[in-house]
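This is what each chain is made of:
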Amino acid sequence: METVLSGIRSTGHLHLGNYYGALKNFVKIQDSYKCFFFVADIHSLTTHPHPSDFHEGVKIILSEYLAAGLDPEKSAIYVQSDVPEICELYTLLNMISYVGELERTVSFKDKVRQQKNNVNAGLLTYPVLMASDILAHRATKVPVGKDQDQHLEIARTIARRFNTLYGVEVFPEPVNMDFGSGAIKVPGLDGNGKMGKSEGNGIFLCDDEKTISKKVMKAVTDAGPTTPNSEMPESVANLFKILSIVSDKSTVDYFKEKYNDCSIRYGDLKKQLAQDICKQTLPIKARIDDIYNDAEYLHKVVKQGADKARESAAATLALARKAIGFKAF
Ligand code: TYM
């Protein structure tokens, strides 16, 4: 059975990008693959969260995972820092990762611009830790959004380099999991770029109906089309993109037609969009609080997940250590 793995950083709350980029697909495939899904709490340390917020961040993301349908009986659901084997592999893989290639990563360049006063080594080797997450379970498929493609490329490079250097076949080369429409990017509501946790342009799985409606109604648009079949500005195209993700085809076609004959009213489009987002997210929201408040259940889930993940990662690590030449005296 093929192994699938994915993870999300423990920062803030899950938004539509996280859900449609990674989580929703993962929930769908839990019966057909050996699945690992984790909270990337070590990755979130690059921004130095306050110790009093750090655990809370993990608890929130974990509760939202479970509310969205991840099933601990089917998948190993764990917290990254509960699996120290990942960090050992990270140390080993750092030795075959080159500073030059890591410096060229788009996400690193972005962070250097965004957090000039905190360009730590963890930011540079972020993709190596991500490769360690994946390769620790020898996962072959990684359902992630389009923004992670370059990181996956680095994971493949590292896997290949390790195998070649040591003349082994320890690590398979992981690829993004294709669900028919290719890797997706959910845009934000502010007219440009992707939906993100820190961009202030997102809809969260924990948002209530009123909040969702308010956010969508405030989304950036333009004054409206004046010539038939004109090209959409990015802000409007983004709303259509989100609509195509959450609504059915006939709804999208209806508003496209209205846009093309210049009769569209953005207020109607937004109302429909908010309604369809709510249809998808409110059932998830309804489950979050109960799960969040069930300390015993959360404890059981992460313990069970860590046990499964540690067993799997330890077996891989033994192969890697043997290949490198570690030997017991
Ligand atoms: P993170 O926490 O930024 O995002 C988690 C997942 O959500 C996807 N995503 C999006 N997809 C579509 N549109 C968007 N606007 C959008 N925003 C986020 C991301 O592609 C990702 O799938 N480095 C990772 C976490 C990680 C990981 C891993 C993932 C650590 N180790 C190993 C997979 C495998 C990250 O920061 O994702």
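Residues numbered from 1 in each chain as written. Predicted model: local features only at pLDDT ≥ 70, side-chain atom pairs only at ≥ 80, totals over all residues. Heavy atoms only, no water.

Draft legend 1. Structural context of the pattern of salt bridges. Scanning the entire structure with this criterion turns up 16 salt bridges. Two residues, Lys249 and Asp253, come together in a salt bridge whose shortest N-O distance is 2.7 Å. With Lys249 and Asp253 both in helix 11 (residues 249-260) and four residues apart, this pair spans about one turn of that helix. A salt bridge links Lys279 to Asp276, with the shortest nitrogen-to-oxygen separation between them at 3.6 Å. Residue Lys279 and its partner Asp276 are located together in helix 12 (residues 266-292), separated by three residues, close to a single helical turn. What makes Asp276 buried here is its relative accessible area of 5%. Within this structure, Asp31, Asp71 and Lys74 form a network of salt bridges that share partners. (Salt bridge = Lys/Arg side-chain N within 4 Å of Asp/Glu carboxyl O. Helix = DSSP H or I, 4+ residues; strand = E, 2+ residues; numbered from the N terminus. Buried < 20%, exposed > 50% of the residue type's maximum accessible area, 1.4 Å probe, protein only.)

Draft legend 2. Spotlight on the packing of helix 7 (residues 126-135) against helix 8 (residues 149-166). Between helix 7 and helix 8, the shortest axis-to-axis distance is 9 Å and the interhelical angle comes to 70°. Classified by the angle their axes make, helix 7 and helix 8 are roughly perpendicular. In the crossing of helix 7 with helix 8, the sense of the turn from one axis to the other is right-handed. For the pair formed by helix 7 and helix 8, the contact residues are Tyr126, Pro127, Val128, Met130, Ala131, Ile134 and Leu135 on the first element and His151, Leu152, Ile154, Ala155, Ile158 and Ala159 on the second. In terms of residue class, the contact of helix 7 with helix 8 is built from twelve nonpolar, one polar and no charged. (Axes fitted to C-alpha atoms, helices over the stretch in contact; angles between N-to-C directions. Parallel < 35°, antiparallel > 145°, perpendicular 65-115°, else oblique. Left-handed = near helix turned anticlockwise from the far one by under 90°. Contact = heavy atoms within 4.5 Å. Nonpolar A, V, L, I, M, F, W, Y, C, P; charged D, E, K, R; others polar.)

Draft legend 3. Expanded view of the domain arrangement of the protein. We note that the domain assignment places domain 1 (3-184 + 295-324) and domain 2 (209-289) within the protein. With centres defined by C-alpha atoms, the gap from domain 1 to domain 2 works out at 32 Å. Residue-level contacts link nine residues of domain 1 with nine residues of domain 2. Summed over both partners, the interface of domain 1 with domain 2 comes to about 760 Å²; 74% of that surface belongs to carbon and sulfur atoms. On the domain 1 side of the interface with domain 2, the three residues burying the most area are Leu16, Tyr20 and Ala67, jointly 60% of the side's total. Put simply, domain 1 and domain 2 have zero salt bridges between them. Counting across the interface, domain 1 meets domain 2 through two residue pairs in polar contact (both at pLDDT 80 or more). (Domains from an automatic or database assignment. Buried area = accessible area lost by both parts, 1.4 Å probe. Polar contact = N/O pair within 3.5 Å; in protein donor to acceptor, adjacent residues only side chain to side chain.)

Draft legend 4. Looking closely at the site of the ligand. Inspection of the region around the ligand gives 28 residues, with Arg9, Tyr126, Asp133, Asp147 and Val186 positioned closest. A distance of 2.7 Å separates an oxygen atom of the ligand from a polar backbone atom of Gly145. For the ligand, an oxygen atom lies 3.2 Å from a polar atom in the side chain of Lys197. When the ligand is considered free in solution it has 700 Å² of accessible area, and contact with the protein chains removes 98% of it. Counting residues per element, the ones that place at least two in the shell around the ligand are strand 1 (3-9), helix 1 (16-29), strand 2 (34-40) and helix 7. At five residues, strand 1 tops the list of elements feeding residues into the shell around the ligand. (Near = heavy atom within 4 Å. Areas by Shrake-Rupley, 256 points an atom, 1.4 Å probe, with all protein chains shown as cover.)

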